[in-house]
Amino acid sequence: MAERPTGTVSFLFTDIEGSTPLWDSYPVAMGEALARHDEILRAAIDAQAGYVFSTGGDGLAAVFSRSDGAVAAAVAAQRAFGVEPWPEDVRLLVRMGVHTGEVHERDGDYFGPPVNRAARLMGAANGGQLVVSALTAELLDGSDDIELVDLGSVQLKGLVDPVHVFGVSADGLDWVDRPLVSAQTTAGNLPRLQTEWFGDLTNLQSRVSRLAQTRLVTLTGSGGVGKTRMAMEIGWLVVDEFPDGVWFVELGPIADPETVIAAVASTLSIQPQAGVSVVESIVDWCLGRRMVLIIDNCEHVLDPVVELVSAVVAGCATVTIVATSREPLGLAGEQVERIPSLSRDDGVELFMARAAAADSAFTSDSVDVDVVAAVCARVDGIPLAIELAAARIRSLSPAELLDRLDDRFRLLRGGGRGGLERHQTLRAAVTWSYQLLSDIDRLLFDRLSVFAGGFDADAAEAVCAGDGIDEEEIIDVLGELVDKSMVIAQRVGPTTRYRLLETLRQYGEERLDERQTTTDIRDRHLGYYDDLAQQTSETYLGPGQLEADTVFDHEWDNLRAAHGWSITIEDIAASNSLVNSIWPHAWDKLRHEHEQWTSRTMHLSEQTGVCSALTYAAAASWAMTAADPERMLQLARRGIELHPNDPHIGTCHAMVVWGLLFSGQIDEAVTTVPQLVDLIDEDPPPRVQFDLRQSILAATMQHPTATHLADLLAIVRRIDQPTMLATAREVEGRALLWSTDPPDFDGAEVAYRESLLLADAARAKATACWAHLGLASVAVLRSWPDAAVLLRGALIRNYDARYWAAVNIVLETCTLHLRNTAEVREAATLLGHLELHPPALGPVADVRRDSVEALETIPNATEYRAEGAAMDRHEIVAYALAQLDNH
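What you see is a predicted model; the values in this text were computed from it and never measured. (Residues numbered from 1 in each chain as written. Predicted model: local features only at pLDDT ≥ 70, side-chain atom pairs only at ≥ 80, totals over all residues. Heavy atoms only, no water.)

### Remarks on the overall build of the protein chain
In step 1: For the protein chain, the count of helices and strands is 39 helices and 16 strands.
In step 2: Over its C-alpha trace the protein chain gives a radius of gyration of 31 Å, about what one expects of a compact globule, namely 29 Å for 887 residues.
In step 3: Taking the principal axes of the C-alpha coordinates as reference, the protein chain spans close to 85 × 75 × 50 Å.
In step 4: When contacts within the protein chain are restricted to residue pairs at least 6 apart in sequence, those whose partners lie at least 24 apart make up 73%.
In step 5: In the form shown here, the protein chain has an accessible surface area of approximately 35,200 Å², with 50% of it arising from carbon and sulfur atoms.
In step 6: Treating the 71 positive side-chain charges of the protein chain as one cloud and the 130 negative ones as another, the clouds have centres 3 Å apart. (Helix = DSSP H or I, 4+ residues; strand = E, 2+ residues; numbered from the N terminus. Rg over C-alpha atoms; globule rule 2.2 N^0.38 Å. Contact = heavy atoms within 4.5 Å. Areas by Shrake-Rupley, 256 points an atom, 1.4 Å probe, with all protein chains shown as cover. Lys, Arg positive; Asp, Glu negative; His and termini not counted. Charge placed at Lys NZ, Arg CZ, Asp CG, Glu CD.)

### Let's talk about the nonpolar core
In step 1: With 169 residues, the main nonpolar core has Phe-351, Leu-448 and Phe-455 as its most contacted residues.
In step 2: Every residue in contact with Phe-351, bar those within four places of it in the chain, is listed here: Phe-362, Val-372, Val-375, Cys-376, Ile-386, Ala-389, Ala-390, Ile-393 and Leu-401.
In step 3: Grouped together as the second largest cluster of nonpolar side chains are 35 residues, Leu-41, Ile-45, Val-75 and Ala-77 included. (Core = buried A, V, L, I, M, F, W, Y, C linked by side-chain atoms within 4.5 Å. Buried < 20%, exposed > 50% of the residue type's maximum accessible area, 1.4 Å probe, protein only.)

### Let's talk about helix H19 (residues 502-515)
In step 1: The end-to-end C-alpha distance of H19 is 20 Å, a good match for the 20 Å that 14 residues give at a rise of 1.5 Å each.
In step 2: At the C-terminal side of H19, Gln-516 shows a positive phi close to 60 degrees. (Expected span 1.5 Å × (residues − 1).)

### Here we look at the pairing of strand S15 (residues 488-492)
In step 1: Sheet topology places S15 next to strand S16 (residues 495-499); five bridges connect them, and they run antiparallel. Across the sheet, residue Ala-489 finds its bridge partner in S16, namely Tyr-498. (Pairing = 2+ DSSP bridges.)

### With respect to the environment of Gly-868
In step 1: Locating Gly-868 in the fold gives a position in helix H38 (residues 861-870).
In step 2: A sequence separation of 42 residues divides Gly-868 from Glu-826, and the C-alpha atoms of the two residues are 9.1 Å apart.
In step 3: With residues near it in sequence (within four places) discarded, Gly-868 still touches Thr-829, Gly-832, His-833 and Ile-876.

### A closer look at helix H23 (residues 593-608)
In step 1: When the terminal C-alpha atoms of H23 are compared, their 23 Å separation across 16 residues agrees well with the 22 Å that a helix rising 1.5 Å per residue should span.
In step 2: Three or more residues of H23 are buried, namely Glu-593, His-594, Trp-597, Thr-598, Arg-600, Thr-601, Met-602, Leu-604 and Ser-605.
In step 3: Buried positions along H23 lie against helix H8 (260-267), helix H21 (545-568), helix H22 (572-589), helix H24 (613-625) and helix H25 (629-642).

### Some words on the sheet that holds strand S12 (residues 291-296)
In step 1: Within the open sheet, the five strands sit side by side as S11-S12-S13-S10-S14. Their pairing is parallel. Each edge of the open sheet carries a strand with a single partner, namely strand S11 (246-250) and strand S14 (335-338). In this sheet, neighbouring strand axes are inclined to one another by 20 degrees on average, regardless of whether the strands run parallel or antiparallel.
In step 2: One ladder, built from five bridges, connects strand S10 (residues 216-220) with strand S13 (residues 319-325); its direction is parallel. Bridging across to S13, Leu-219 finds its partner in Thr-324.
In step 3: With respect to the sheet, helix H10 (residues 302-315) is in contact with S10, S12 and S13, its orientation differing from that of S13 by roughly 160 degrees. (Axes fitted to C-alpha atoms, helices over the stretch in contact; angles between N-to-C directions.)

### Notes on the pattern of salt bridges
In step 1: The tally for this structure, following the rule as stated, stands at 46 salt bridges.
In step 2: The shortest N-O distance in the salt bridge between Asp-800 and Arg-289 comes to 3.5 Å. You can see Asp-800 sitting in helix H34 (residues 787-800) and its partner Arg-289 sitting in the loop between helix H9 (278-286) and S12, a full 511 residues away along the chain.
In step 3: Given the relative accessible area of 18%, Arg-289 is considered buried. (Salt bridge = Lys/Arg side-chain N within 4 Å of Asp/Glu carboxyl O.)

Structure follows, in C-alpha cells:
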C-alpha cells in the first residue's frame, strides 16, 4: 500500500453519473459493474502511488504526492472504462476532478479547503469527463500524452467565487462536449452561497449519496451549529439527482404560525385551489416531481410544519424533505441527524478564514495554531461562536481572546459544571460578544431584530433612529456591527442589504423586550413598510415596474411581518393599505400568499371596520385564479355595495364582468358595458381605466367596438408599464383572432408571440398564461404541424400555475384539435369533463357548441363522455397530455 502523502498534494475525486436509476433498474448488473469499476480505479491509482483515503456512494477520493500522478491515474482509469465490456444495460460514466493544495492529515483522513474544492470540481464534471483546477494545470509537466482545454471560469456549487477550470483531453478518451454543471444551471431556488463551507465534505458526500431513497431527514442541533448551512450544502451536493430541483423555504422570519403554510406555497409559486386546503394544494403541486424541499428553522412553528411535512411524505413518494430544527419533528420514518460541532482542524480553518477577512494584517504564519485551536475548543466548535470570536481579531490577539473567553465562561458557569451544553455555550458566546459592544451598538442591534429577512440602510435609519441614537449615526454603528459579525452585509446589485443570523436576531429580540420598546419599534417598522409599499406601488404601475418588482422581492419578508403586526394590533387601515399596495405585484406574479393576507384583513374588518373596495377586488381576483366565479361575484358585488363612490370601485365592476364570463353568463356580462363606459367617463385612476376597458373588451369579444381597443392601447401607452404592455398585446391578439371576419391569423400570431415575450420578461405569469393559450389557439385553428406541441406547452404552463379557468379553455382547444385530427373518442372524453363547467367567454361557447354537435352522434359518445366526466381535473389534464404526446 502506498504511503500517505503530506504537505502540498493533489486530490482526485470520482463518482458515477446517474447511478441511482441504474441501481433501481438493474441491481444485479450494477453490482457486477461497480465491482469492476473499483478494480479498474484502484489499479490506476496504485500504479501512480496514490492513496485512497475515502470511499462513499459510488465513488472514491485519492491523494497523490504529485499532480502528474493524479492526472495520469485519472486518464488511465477513463481509458479503461471506455473499453470495458460492461454488463448489458449498464454502462458506467465516471466523472473526475483534480485539485492541488496544502492540507492536514489525521488518522488516515485529509481535511482542508483543497479537499473540498477537489470534490466540487468533480461535481461540476459530466460522466466520462476529467477536469482540473488552474493550480493543478500549472503544475503538470506538459506531457505529450494529454492536452488541457480551457473551459473558462465556472461558478462551482458551494463556492463563493468562480473557479478557472481545464478539461483534460488525451488519446483514447472520448471528448465530452457538454457544459460543466454549475450553480447557474440547476432547477429550484437554492440560494447562492456567500461563504465556503468548513467541514468534512468527503464524509458528507458519502452520507447524502442515497438521499433520493430517503423521505424525511431532520438536521437538529443548537442554534449557531450550522444547520442551515449544512442543509444548503446538502442541497448543492444532490441537486443533479433531482430533475425538479432543490427548493429552499426559510421560516426564520415568520413569527405567526398561521402564515407558515401560505409562505411555503408562495415560495413554491403554488396557487391554492378551490375546495381544497393550501396543504392539499402543495401536495398536489409536489405530486410526481422528483425534488428536494428544504424547510429551514422549524422549531418555533412546529405544528404547521408537522402538518405539512406529514401530508407531503404521505402523498408524494418522489419528494425528499430536509428540515432543520432545534428538535426533531417527531414523525414516523423521520431520519434525525444531529449536526456535530466542527473538528479541531475545521474549526481552526474557519477561524483563520474569518480572522483574515476581518483584519488584512492577520496571517496564519504569525499565529500559534494551538491557541486558535483552544479558542475553538473553548466555544465547543460551534461555527457561529467561532466567527464571533474571530471578528474580534483586530482588537484582541488569539491568546487574549482565549483569556477573555475563559473568564466569561467561568463567570456564567459559576464555577460549578465542568462544561457547558452546546446551546449554553453559544448563548455565552453571543452574550460575551454583545457585552463587548458599546451602548449605542447594543441599542441599534436590539432594534434591528424587528426586521425579517433583511433590510437596507434607509430602513434602518427610519425604523431605528431616535431615543438614544441619531439618524446620522446609524450607518457608522451599522458598519461596526458588521465588523464584529453581529450583522451580515451583502451586496445585492447596486445596493447593500443587511441581515441578522436567526440566532442573533432572536437574542436581540429578547433584549428589545427587556427594554420594553418592542411595540414602539414594531409600530415604526409597520409605518415604514406601509409607506414603502405605497410608494413602490406607484412606481410599479408605470415604466418603473421592474425596479419596483425588485423592491417587493427584497422586502417580501418585511411586508409579511408588517402585515402580521397590523393584524396583531388590529390596525385595519394599515392592513388594508398594505394589501392594496402589494396586490398588483402579487397578482401579476401569482404570489398566492397575498390571498391569505387579504383573507386575514377581511376577517379583521368584520370586527374592527370595513375593508376598502380594492381589498374586495383583490379577494375577487384570487377567487378567479381558483376558478370560483360564484365567490368572485359575491366579493366584487360586496365591494360595490359598501363603497359605491370609491375612486377604485371600477375595478370591482370589472371583476363582476369577469365573474359573469367565467360562470357562463355571457349575455349578462354584455349588458354591463354601458355602466362600465359611464364609470370610465368619470375619469378614475389610470389603472382602474385599464381594468374597465379590458373587461369591456372581454365582454364584447365577438362584437367589439373599435374605439374600446384603441382607448385601451392609448392608456397603456400613457402608463407604459411592462405588464400592461404585454397584456395589451394579448388583448390585441384576442381581437384579431376572434373579433375580425375573417380572422387575422398572422396578426394574432405576431401579437401573441410578442405578448408572451414581454410577459416572460416582466415575470407576468397571469398574462403569459393567456398569451400562450392564444398562440396555441392560432396553431389549432390553422392546423399547424406543431399545434400539439404548442397546446401541450400552454396546458403545462396553465396547469403548473393552477390557473384552472384558463386550463379549461386550453382543454376546449384540445378538444377542437382532436376533432380536427379525427380522434373523436379522445375528443368526446375531454368534452365529457368540460361539460361539468359552463363555457367561459363567447368564442369558447361557440367551440363547445360545435364540439357537442360534432361528437354527440359518434358511436358510444355517451360512454366516452361519461369517462371524462368521471375524471378529476388532474386526471383529465394527464389524459389530455397523453393524447398530445402521441402527435
